[in-house]
Amino acid sequence: MTAWAEVADGVFQRRYQPYDVSVCVVRGTGGLLVCDTRSSHRQADEIRSGLRELGALPVRWVVNTHAHFDHTFGNARFGPDSGLGAPIYGHERVPAHLDAYERQVLAELTADAEDPEEWREVVITPPTVLVGAAMTLDLGGRAVELRHLGRGHTDNDLLVRVPDAGVWLAGDLIEESGPPVYGPDSFPLDWPATIARLRMALGERDALVPGHGAVVGAAFVAAQHERLATVAALITELHAAGVPANRALAEGGGRWPFPADGMANAVRNVYDQLAGSPPGPAAQR
Ligand SMILES: [Zn+2]
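Heads up: these notes are all about the structure in this document. Keep in mind the model is a prediction, meaning the values are calculated, not measured. (Residues numbered from 1 in each chain as written. Predicted model: local features only at pLDDT ≥ 70, side-chain atom pairs only at ≥ 80, totals over all residues. Heavy atoms only, no water.)

Side note on the coordination of the zinc ion
Inference 1: Here the zinc ion is held by the protein donor atoms Asp70 (OD), His71 (NE2), Asp172 (OD) and His212 (NE2), which lie 2.0 to 2.5 Å from it.
Inference 2: Metal-centred angles of 89 to 167° between the 4 donor atoms at the zinc ion mark the site as irregular.
Inference 3: Read from N- to C-terminus, the donor residues coordinating the zinc ion fall into the pattern D-H-x100-D-x39-H. Taken as a pair, aspartate 70 in helix H2 (residues 69-72) and aspartate 172 in the loop between strand S11 (167-171) and helix H5 (191-201) lie far apart in primary sequence, 102 residues in all.
Inference 4: The class of aspartate 70 is buried, set by a relative accessible area of 7%.
Inference 5: Judged by its relative accessible area of 3%, aspartate 172 is buried. (Donors = N, O, S within 2.8 Å, 3.2 Å for Na, K, Ca; no water. Tetrahedral: all angles 85-135°; square planar, octahedral: opposite > 155°, others 65-115°. Helix = DSSP H or I, 4+ residues; strand = E, 2+ residues; numbered from the N terminus. Buried < 20%, exposed > 50% of the residue type's maximum accessible area, 1.4 Å probe, protein only.)

Regarding the sheet that holds strand S12 (residues 207-210)
Inference 1: Taken in spatial order, the 5 strands line up as S8-S9-S10-S11-S12 in an open sheet, and their pairing is mixed. Because the sheet does not close on itself, it has two edges, and the strands there are strand S8 (134-138) and S12. Neighbour-to-neighbour, the strand axes of this sheet turn through a mean angle of 20°, independent of strand direction.
Inference 2: Where S11 meets S12, 4 bridges bridge the pair, whose relative direction is parallel. When the bridges of S12 are listed, glycine 171 appears paired with proline 210. (Pairing = 2+ DSSP bridges. Axes fitted to C-alpha atoms, helices over the stretch in contact; angles between N-to-C directions.)

By themselves, these figures tell us nothing about what the structure is for.
See the structure below:
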């Protein structure tokens, strides 16, 4: 892991392995807000011990940027039964997503693990406070906005905006250390419009902390927006040309703006969406 980096006044990012996942902290006079909880109880306990480096304020708020395991499986170590008892905020579709996808992920992690105990002890814990389009939290001396701007990486991406610091915690809507991840639960056709809304709200000098990677600014977001739009347009074009889904990756050739081996889910989900069926776990197709 890295040391805590103070991205802006009282806003911190720490990058943890595995997955180079960002854990962020926003400090108010009333306590700490922790954004994302990593992949297991043990990993969450590592966050908790690291928080001591930021002073004695208690954790009063926890936010999940989306339901994926690397951002939520530590929830239990902050929530009702943890001794901290912090409310956990997440988008209203997180609980259904945990059931539809992440329980299976946990089973796979347990089956594949060298140390299965780390995964057996995970209690998948949904947010205790569900957020629709927006909610504002008062951290004491500073307001923090939770914003859902539309579907993209998942259908439950929530951004955390700290207006007085000009900082956004973006979850995996924007990624820096690798290409954006198109999972089986992604919405490639919606993603560009969601980033367009983000860009409308983003100040020119705002800093944005990706779910994975280093802090970026408006220019990086603009460049990633363009690539996300290229993916949506290219798959739509291939579909319209009658290219079968299993030929689309090859047919796209050098026009994919991200490595083609990460585009299979994007192709499948766009083809399904254009055929009128929503994305879902393979087992439910
Ligand atoms: Zn992630």
